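# Understanding the architecture of this molecule
Below are the chains, spelled out letter by letter.
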Amino acid sequence: MDTVGPAKADLALTGEGADKTQALTYPRIDCRNVSVYYDDKQAVFDVSLAIHDRAVTALIGPSGCGKSTFLRCLNRMNDTIEGAKVTGDIFMEGENINSPDVDPVLLRSRVGMVFQKPNPFPKSIYDNIAYGPRIHGMVDSREDLDAVVEKSLRRAGLWEEVKDRLSQPGTSLSGGQQQRLCIARAIAVRPEVILMDEPCSALDPIATARIEELIDELRKRYCIVIVTHSMQQAARVSQRTAFFHLGNLVEMGDTDQIFTNPRERRTEDYITGRFG
Amino acid sequence: MLQQLGQLPMGWLLTALLLFVMTAGFSIGRIRAERYSLSSSGKFHSRPNYHGYYVAMWGLAPALILALAYLLLAEPIARELLTRELPAAFHKLPKAELVSYLDAVSAVSAHRTYDGSDRVFTAVTHRYLELSGSLKITTLATILLSAVLGVMFARSHVSPDFRARQQVESGAELFLFLCAAIAIATTVGIVASLFYESIRFFSQVPVTDFLFGTRWNAQTNAEFGAVPLFFGTFMIALIAMFVAAPVGLFAAIYLSEYASRKTRSYVKPLLEVLAGIPTVVYGFFALLVVAPGVRSIALWINATLIDIGLANGPVLAAQPTSALAAGLVMGIMVIPFVSSLSDDVINAVPQTLRDAAFAMGATKSETIKQVILPAALPGIVASLLLAVSRAIGETMIVVMAAGQRARISLDPSTDLTTITVQIVALLTGETEFDSPKTLSAFALGLVLFLVTLCFNLIALRVVQRYREKYE
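Residues numbered from 1 in each chain as written. Chains lettered and ligands numbered in written order. Predicted model: local features only at pLDDT ≥ 70, side-chain atom pairs only at ≥ 80, totals over all residues.

Bringing the overall build of chain B into the picture now. Helix and strand counts for chain B stand at 17 helices and two strands. Relative to a compact globule of 471 residues, whose C-alpha radius of gyration would be 23 Å, chain B shows 32 Å and is clearly more extended. Seen through its C-alpha atoms, chain B measures out along the principal axes to roughly 95 × 75 × 40 Å. When each of the 471 residues of chain B is scored for burial, the buried share is 38%. Look at the contacts in chain B between residues 6 or more apart in sequence, and 78% of them connect residues 24 or more apart. (Helix = DSSP H or I, 4+ residues; strand = E, 2+ residues; numbered from the N terminus. Rg over C-alpha atoms; globule rule 2.2 N^0.38 Å. Buried ≥ 20, exposed ≤ 12 C-beta atoms within 10 Å, placed from the backbone. Contact = placed C-beta atoms within 7 Å.)

Put into structure tokens, the structure is as follows:
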């Protein structure tokens, strides 16, 4: 409980004002030789990479390149897929989260996730946010819960829009608002890491811009990993970029370097639009 | 001559004639369209095949209607004509005897097996053959004539501008509509006859006596208070739902959320086999296995209560057939209705909601209790309602295992009777269609129909609302 509890996430609240160069100094997650198999088919091949804290890491690559599958290793979501098997080591705070001893339920309270399609629960806006704190027993009183809900909604930039209708169903919001609600829901359990699986692919450009601003804001407090189809989005929001192709990690580096001066031929072909 | 015609195999002839009209009509239409398109430079609106279908349609439709009319009416008409010609002695016979005489006549004329010992009978048979022979030949001629007229009429339409394709498609639509209408008309007819006979019943027995009376003894005393039947039906359905609702729902949760793909592929079909077992098999299972078991447990409870001094005499009725036995087995029978439908609605809950809950760190049971079941609840309720209406209308199990005595008792080991059991009892054996005893079956049927209709309508509405939400 000591090492894998939500309480530790308080760390993340001290990072106000961390700038880009500082952000790139210490890794939060260290992946070594991660492979993923669906039944007998291998989807991710021997990927090793480090993900830095207080920074946005973008995973890019053509469809079916294994970037989403890799992302789902970081909170053990592949456990919920029948026939999926993950090998290799993923160290978070020095602990191998891929070890069978780690309880994925506790891990997921430290690693939040936002999905491709906004997926609020069929409950009120308030209950959507309160869901995580409630199941993890993070609050003792109604006042505390109210405070957590307000803080999470404020951080997701949604508070002003919904503060007068917290009891309405989450599904009554617009697509962009729903996605920010899902981000607020993830923040509410005070995670250390937030995973985003193409969070803007179902949204219009204005809602997308809103989410991208939000990601940039959240970077000051959290370690963020985002899978995206859009190279422009990767260039806009991320500090580090990893390019995946056919289940392999081709290249990883600072976003500026990947987009201006890629080392690998395949990376260059992809970002210049020659395939993908 | 006419006698020989009377032995024409009409089934084969009609089939052959219709096939001939169809192919001939098609070829005539198609060939005409092709000739036209060769001779004229203008472009045809519809392809030649459609002109063929169009002509065939016009040839076939009247022929088909006439053929159906023949199949339905020929025999009654021939009999009626024959009866009119019979000597006066026959008309003095009771109706049933005359009918069986005519039955013998038509059977003999169909199979030509009579030895000729009764000269009157032989003469009647010959006359019958002549009558049906003339009917047959007239029918064939009329069909042929109408088909020729239809084909000629349609053929005159074939021209480059004629929209044969649209005509054919509306013809096909009409045909499909008629098929749907048959199903609906049958339902309407059944409901109408239920209403009609019920009204006749209520003209002899007041509605309030029927709906609120507590004494039912239709067979001997003409007492028509149906409350004990409603009570029995309700009680047994309730017991059934106590079994089916939890077992079915938990089975559905196991199947959709916990079972591996492989387990599911075995367990789900096996569960659905339960739905395929004939209810009469459930019935004798209830009568021979469950009812004696219920009885011996009830007897044991009685004995124990007396032993420990809590009762002076038997508390439970411990009958050889009981509400509990019928209810338990009926519960088993409707399990697949609950589990299969609930499994479907649980599966229809989007995977993204499960992902969302898991990614928040919810355990499997938290996800199911707090996210999946609330989302699937309307569908689950609907599946339960459908199961209830199924349980209320179930007949065979209660006929065999519930009993015949109409009474109101909360003791589950006593025998109760239900609406369906009484309907069976009232309509089997010798019945006359005018007595209130027989008519009361229709009133019971009407009640049953209205109640299950309500349940089904509510269930369908609930399912519909639920579907809208996730599409």
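What follows concerns the packing of helix 10 (residues 261-276) of chain B against helix 12 (residues 323-348) of chain B. Each pair of packed helices gets described by two things: the angle between the helix axes and the distance between those axes. Residue and element names in this part refer to chain B. Two elements in contact, helix 10 and helix 12, have axes separated by 7 Å at closest approach and are oriented at 135 degrees. Considering the angle they form, helix 10 stands oblique to helix 12. The way helix 10 lies across helix 12 gives a crossing that is left-handed. In contact with Leu-271, Glu-272, Leu-274 and Ala-275 of helix 10, helix 12 contributes Ile-335, Pro-336, Phe-337, Ser-339 and Ser-340. Tallied by class, the residues present in the contact of helix 10 with helix 12 amount to six nonpolar, two polar and one charged. (Axes fitted to C-alpha atoms, helices over the stretch in contact; angles between N-to-C directions. Parallel < 35°, antiparallel > 145°, perpendicular 65-115°, else oblique. Left-handed = near helix turned anticlockwise from the far one by under 90°. Nonpolar A, V, L, I, M, F, W, Y, C, P; charged D, E, K, R; others polar.)

The next point concerns the packing of helix 9 (residues 227-258) of chain B against helix 14 (residues 364-393) of chain B. All names here are of chain B. At a closest axis distance of 9 Å, the pairing of helix 9 and helix 14 adopts a crossing angle of 145 degrees. As helix 9 packs across helix 14, the resulting crossing turns out to be right-handed. Counting all contacts with helix 9, which are made through Thr-233, Ala-237, Ala-240, Met-241, Ala-244, Ala-245, Leu-249, Ile-253 and Glu-257, the residues of helix 14 involved are Lys-364, Ile-368, Ile-380, Leu-384, Ala-387, Val-388, Ala-391 and Ile-392. Considering only residue class, the contact of helix 9 with helix 14 consists of 14 nonpolar, one polar and two charged.

Looking now at unusual backbone geometry. Residue and element names in this part refer to chain A. Positioned with a positive phi, Asp-46 is a non-glycine residue whose angle comes to about 50 degrees. Along the chain, Asp-46 falls in strand 2 (residues 41-52). Given 14 C-beta atoms within a 10 Å radius, Asp-46 is considered partly exposed. Here Glu-93, not a glycine, exhibits a phi torsion of approximately 55 degrees, which is positive. Mapped onto the secondary structure, Glu-93 falls in the loop between strand 4 (84-92) and strand 5 (95-96).

We now examine the domain arrangement of chain B. Interfaces are often sized by the amount of accessible area the parts lose when they come together. Residues and elements named next belong to chain B. Considered domain by domain, chain B is made up of domain 1 (2-162), domain 2 (163-201) and domain 3 (207-469). Summarising the inter-unit geometry, the C-alpha centres of domain 1 and domain 2 are found 24 Å apart. Taken together, the eight residues of domain 1 in the interface contact six residues of domain 2. Split into classes, the residues belonging to the side of domain 1 that touches domain 2 amount to five nonpolar, three polar and no charged. (Domains from an automatic or database assignment.)

This next bit is on the sheet that holds strand 9 (residues 240-245) of chain A. Sheet strands pair by backbone hydrogen bonding; their relative direction is either parallel or antiparallel. Residues and elements named next belong to chain A. Sheet architecture is open: six strands sit in the order 6-7-8-3-9-10, paired in mixed fashion. The open sheet terminates on both sides in strands that have one partner only, identified here as strand 6 (111-114) and strand 10 (248-254). Direction aside, the axes of adjacent strands within the sheet are offset by 15 degrees on average. Sheet analysis places strand 9 next to strand 10, joined by six bridges and oriented antiparallel. Following the sheet pairing, His-245 is matched in strand 10 by Asn-248. Running at roughly 170 degrees to strand 6, helix 7 (residues 175-187) makes contact with strand 6 and strand 7 (193-197) of the sheet. (Pairing = 2+ DSSP bridges.)

As a further point, take the pairing of strand 6 of chain A. Residue and element names in this part refer to chain A. Residues Val-111 and Met-113 point to one face of strand 6 and Gly-112 and Val-114 to the other, with burial holding for every one of them. Sheet topology places strand 6 next to strand 7; four bridges connect them, and they run parallel. Paired with Val-111 across the strands is Val-193, a residue of strand 7.

Now for helix 14 of chain B. Spanning 30 residues, helix 14 of chain B covers only 38 Å between terminal C-alpha atoms, well under the ideal 44 Å at 1.5 Å per step. Maximum bend of helix 14 of chain B: about 60 degrees, positioned at Leu-377 of chain B, with proline Pro-378 of chain B one to four residues after it. (Expected span 1.5 Å × (residues − 1). Bend = angle between axes of the 7 residues up to and from the residue.)

All names here are of chain A. Sheet topology note: the strand 1 (residues 27-38)/strand 2 ladder contains eight bridges and is antiparallel. Looking across to strand 2, one finds that Val-36 is bridged to Val-44. Where strand 1 hands over to strand 2, the hairpin turn is made up of two residues, of which Asp-39 adopts a positive phi near 50 degrees. Bridge analysis of strand 1 against strand 4 gives eight bridges, and the strand direction is antiparallel.

Glancing now at helix 2 (residues 10-39) of chain B. All names here are of chain B. In this model, helix 2 (30 residues) spans 43 Å end to end at C-alpha, consistent with the 44 Å of a helix rising 1.5 Å per residue. Taken residue by residue, helix 2 has Leu-14, Val-21, Gly-25, Phe-26, Ile-28, Gly-29, Arg-30, Arg-32 and Ala-33 as its buried positions. Along its buried surface, helix 2 packs onto helix 3 (48-85) and helix 6 (119-155).

A separate point is the interface of chain A and chain B. In this assembly, 21 residues from chain A lie in contact with 16 residues from chain B. Broken down by secondary-structure element, the contributors of at least two residues to the side of chain A that touches chain B are helix 3 (104-110), strand 6 and helix 4 (125-135) of chain A. Broken down by element, the residue count for the side of chain A that touches chain B peaks at four residues, all from helix 3 of chain A. Its residues assigned to classes, the side of chain A that touches chain B comprises 10 nonpolar, seven polar and four charged.

This paragraph deals with the confidence of the model for chain A. Across chain A, pLDDT averages 88, with 90% of residues at or above 70. pLDDT under 50 marks residues 1-24 of chain A. Its contacts with residues more than four places away, or in other chains, come to 38 contacts. (pLDDT = per-residue confidence, 0-100.)

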